[in-house]
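# Notes for the structure review
Letter by letter, the chains look like this.
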Amino acid sequence: MSKANKVGIIGSGSWATALAKILTDNGRQVNWWIRNEDTIRHMQQRHHNKHYLTSVYFDTHLLQLSSNIKQVVADSDILILAVPSAFLEDVLLVLPENALQQKSVISAIKGLVPNSNMLINEYLNDGFALPLEQYFTITGPCHAEEVANEKLSYLTFSGLELDTTQAMADLFTNSYLQTIVNNDVIGVQLAAVLKNIYAMGAGIAHGLEYGDNFLSVLITNCFREMQHFLEKYTVWAGPVHMPVTQHNYNASAYLGDLLVTCYSLHSRNRTFGNMIGKGYSVKAAQLELNMIAEGYYASKCIYEINDEIGAYMPVAQAVYAVLWEHLNAPEAFLALEKGFV
């Protein structure tokens, strides 16, 4: 990928900050949309994001910081979306319908668009006529905190054409970040959505003081649910909406991302679930976490999609019932205990 290609990032949270670090460490100029002017001033003066990954210091000569999203999008050839899925519609609302014409878009969002239950590529195609050939996804396993500390991490890049996808991945590859590419662009997005729901379940189990033995069985059953859902979804969506149907469930983007999100103390979804298991209300957990846990919104989206698909998903349904229907968490998990294999 030529250095002439300008890269833009939309979002200023921990994941956006980690991606900006990787790109600037690789000598890339970055156009960076940050909503808050005070955050922009602080970064220009102090060279770090005062809210997220505060230990990461930037060469600000490589950053073009702006609160004008139209300008950032217009000035970028490759656009990275790194805002929570719940906010995506509001963030992109000001853009004209042709704003993404001739641009490559990389989604770093691990969620569905609430209300419509759309995958990010579906939303971008519906609102901005972005073809799937110009759309790429980033999945894990990879935590922003470990990127900040330059601990060896792996990212999976998915897109329809492997050569183009590899070119996107090459923007990020360096001594502490290895990349993997595949063309399972729809499947990995759904896996990323599901693993956040299951991480909430793992957190709830931990908060309820289940041990490692139970947790390992829980995650094994979550992995089986993920496969069953993808198989059902592939048939339900059909070849037009699911152009690539070969899913390597044992790959990092599936099993690896599920494991790290369920077990890691860096996982905000696990942390959120842990608070629910300890008796916090959803609102109290949201206030305490002070970050978006994608699994909360995803649990409702997947529940509604599965109402049409009909996959057997007792863990995902239990998480939904606890978060959205206020089912007592101990009761929900007691019901799960007898059904595991």
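This text follows the structure it describes.
Residues numbered from 1 in each chain as written. Predicted model: local features only at pLDDT ≥ 70, side-chain atom pairs only at ≥ 80, totals over all residues. Heavy atoms only, no water.

## Details of the packing of aromatic side chains
A complete count under the given rule lists 13 aromatic pairs for this structure. Their ring planes at 80° and their centres at 5.3 Å tell us that Tyr249 and Tyr254 sit as a pair that is edge-to-face. The same class applies to Tyr249 and to Tyr254, which are both buried. Aromatic rings pair up to connect Tyr210, Phe214, Phe333 and Phe340 into one cluster. A cation sits over an aromatic face here: Lys300 above Trp324, 5.7 Å from the ring centre. (Phe/Tyr/Trp six-rings, centres within 6.5 Å; stacked < 30°, edge-to-face > 60°. Buried < 20%, exposed > 50% of the residue type's maximum accessible area, 1.4 Å probe, protein only. Lys NZ or Arg CZ within 6 Å of the ring centre and 35° of its normal.)

## Comments concerning the packing of helix 4 (residues 85-92) against helix 5 (residues 120-128)
In contact at an axis separation of 12 Å, helix 4 and helix 5 are set at 15° when each is read in the N-to-C sense. Classified by the angle between their axes, helix 4 and helix 5 sit roughly parallel to one another. Both helix 4 and helix 5 take part in a crossing whose hand is right-handed. Taken together, the residues of helix 5 that come into contact with helix 4 (itself represented by Leu88, Glu89 and Leu92) are Ile120, Tyr123, Leu124 and Phe128. Split into classes, the residues belonging to the contact of helix 4 with helix 5 amount to six nonpolar, no polar and one charged. (Axes fitted to C-alpha atoms, helices over the stretch in contact; angles between N-to-C directions. Helix = DSSP H or I, 4+ residues; strand = E, 2+ residues; numbered from the N terminus. Parallel < 35°, antiparallel > 145°, perpendicular 65-115°, else oblique. Left-handed = near helix turned anticlockwise from the far one by under 90°. Contact = heavy atoms within 4.5 Å. Nonpolar A, V, L, I, M, F, W, Y, C, P; charged D, E, K, R; others polar.)

## As for a nonpolar patch on the surface
Residues Leu152, Tyr154 and Ile180 make up a contiguous nonpolar surface patch of roughly 260 Å² in combined accessible area. You can see Tyr154 is positioned in strand 7 (residues 153-158). Taking the relative accessible area as the measure of exposure, Tyr154 reaches 37% and is therefore partly exposed. (Patch = residues over 30% accessible without salt bridge, like charges linked within 9 Å, V, L, I, M, F, W, Y side chains within 5 Å. Areas by Shrake-Rupley, 256 points an atom, 1.4 Å probe, with all protein chains shown as cover. Salt bridge = Lys/Arg side-chain N within 4 Å of Asp/Glu carboxyl O.)

## A look at the pattern of salt bridges
For the structure on display, the rule yields seven salt bridges. Residue Lys50 is joined to Asp38 by a salt bridge in which the shortest nitrogen-to-oxygen separation is 2.3 Å. Here the residue Lys50 occupies a position in the loop between helix 2 (37-46) and strand 3 (63-66), and Asp38 occupies one in helix 2, the gap between them amounting to twelve residues. When salt bridges that share partners are traced, they join Lys21, Asp25 and Glu150 into one network.

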